[in-house]
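# Structural features, examined
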Amino acid sequence: MSRIGRMPVAIPAGVTVTVAEGNVVTVKGPKGELVRALPKEMDIKVEDGHVIVSRPNDLKKMKSLHGLTRTLIHNMVVGVSEGYTKTLEINGVGYRAAKSSKKLTLTLGYSHPVDMEDPEGIETKVDGNKIIVSGISKEKVGQYAAEIREKRKPEPYKGKGIKYADEVIRRKVGKTGKK
C-alpha cells in the first residue's frame, strides 16, 4: 500500500472540497478556488473533514497514481488555505529587479532589460535583491520562479545570477596564474 496515498488529507476550517463527476476536484478556501481533473481510476471520497483516496487494484500504474492523486489534493488544500511562496535572490554587480503594476523588469547584464508579465493568479514582490513569487497553485508558483531563474542562471565561478534563496551554488576554482 502506498504510504503517502493512504494518508487522509485533513480539510482545515474555511476550506470546502467537492468531487464532481469524472474526479474533477474543486477546493475553495479563503485565498481562492482551485479546480483540477484527477485520474478517473482513483476513488476520492470526502468524509468527516478528511479526503480519502483509494485505488482499485495493485497494478504499478495504480500504485503510482494513488500517491500522486493524494499529494495533488493536499497541495490544493494547502494552497487555498495558506498559499505558496518561492524566494529568488539576485547576485551580481548591476543586476537588479524592479516591479511596476504586473510587470517585473530585470536588469541582468544584457544589452536590454528583461520584462516579464505576472501570470494570472501569481504575484511577485521585489525586496532589495530578493524576488518573492506567491500564489495559491504550487505548480504555477514553481514554474514562474523557474522561468525567472532561467533568465540568468547562477554561474559557478562568482555565483552571479538569479538563484533560489535556499539553493547552494557549487563554486569552482578559477584560473591560476603562470609561475
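Our subject in this report is the structure included herewith. (Residues numbered from 1 in each chain as written. Predicted model: local features only at pLDDT ≥ 70, side-chain atom pairs only at ≥ 80, totals over all residues. Heavy atoms only, no water.)

## Concerning the overall build of the chain
- Along the backbone of the chain there are two helices and 13 strands.
- The C-alpha atoms of the chain give a radius of gyration of 21 Å, which is well past the 16 Å a tight globule of 179 residues would have.
- Considered along the principal axes of its C-alpha atoms, the chain spans approximately 70 × 45 × 25 Å.
- Burial analysis of the chain (179 residues in total) assigns 36% to the buried set.
- When contacts within the chain are restricted to residue pairs at least 6 apart in sequence, long-range pairs at least 24 apart make up 50% of them.
- Across the chain, 34 positive and 21 negative side-chain charges occur, with their mean positions spaced 11 Å apart. (Helix = DSSP H or I, 4+ residues; strand = E, 2+ residues; numbered from the N terminus. Rg over C-alpha atoms; globule rule 2.2 N^0.38 Å. Buried < 20%, exposed > 50% of the residue type's maximum accessible area, 1.4 Å probe, protein only. Contact = heavy atoms within 4.5 Å. Lys, Arg positive; Asp, Glu negative; His and termini not counted. Charge placed at Lys NZ, Arg CZ, Asp CG, Glu CD.)

## Structural notes on the sheet that holds strand β11 (residues 122-127)
- Strands sit in the order β11-β12-β7-β13 across an open sheet of four strands; the sheet is antiparallel. In the strand order of this sheet, the two ends are held by β11 and β13 (161-164), each with one partner. Here the average twist between neighbouring strands, direction ignored, is 25°.
- In the packing of helix α2 (residues 138-150) onto the sheet, contacts are made with β7 (84-91), β11, β12 (130-135) and β13, and the angle to β7 comes to roughly 10°. (Pairing = 2+ DSSP bridges. Axes fitted to C-alpha atoms, helices over the stretch in contact; angles between N-to-C directions.)

## Re the pattern of salt bridges
- One pass over the structure, following the stated rule, counts nine salt bridges.
- Its salt-bridge partner being Lys 130, residue Glu 89 comes within 3.8 Å of it at the nearest N-O pair. Of this pair, Glu 89 sits in strand β7 while Lys 130 sits in strand β12, placing them 41 residues apart in sequence.
- A relative accessible area of 15% places Glu 89 in the buried class.
- Connected through shared salt-bridge partners, Glu 89, Lys 130 and Lys 163 make up one network. (Salt bridge = Lys/Arg side-chain N within 4 Å of Asp/Glu carboxyl O.)

## Some details on the layout of surface pockets
- Of the volumes computed, that of the largest pocket is approximately 230 Å³.
- Lining the largest pocket, in full, are Leu 34, Val 35, Arg 36, Leu 72, Asn 75, Met 76, Ile 136, Ser 137, Lys 138, Glu 139 and Lys 140.
- Broken down by secondary-structure element, the contributors of at least two residues to the lining of the largest pocket are β4 (32-37), α1 (60-81) and α2.
- When its residues are assigned to classes, the lining of the largest pocket shows five nonpolar, two polar and four charged. (1 Å grid on protein atoms, 1.4 Å probe; cavity = no way out; pocket = protein on both sides within 12 Å on 5 of 7 lines; lining within 4 Å. Points joined across faces, edges and corners; volume = space filled by probe spheres on them. Nonpolar A, V, L, I, M, F, W, Y, C, P; charged D, E, K, R; others polar.)

## So, the environment of Leu 65
- Looking at where Leu 65 falls in the secondary structure, it is placed in helix α1.
- With relative accessibility at 14%, the residue Leu 65 sits in the buried group.
- As a C-alpha pair, Leu 65 and Gly 14 span 51 residues in sequence and 28 Å in three-dimensional space.

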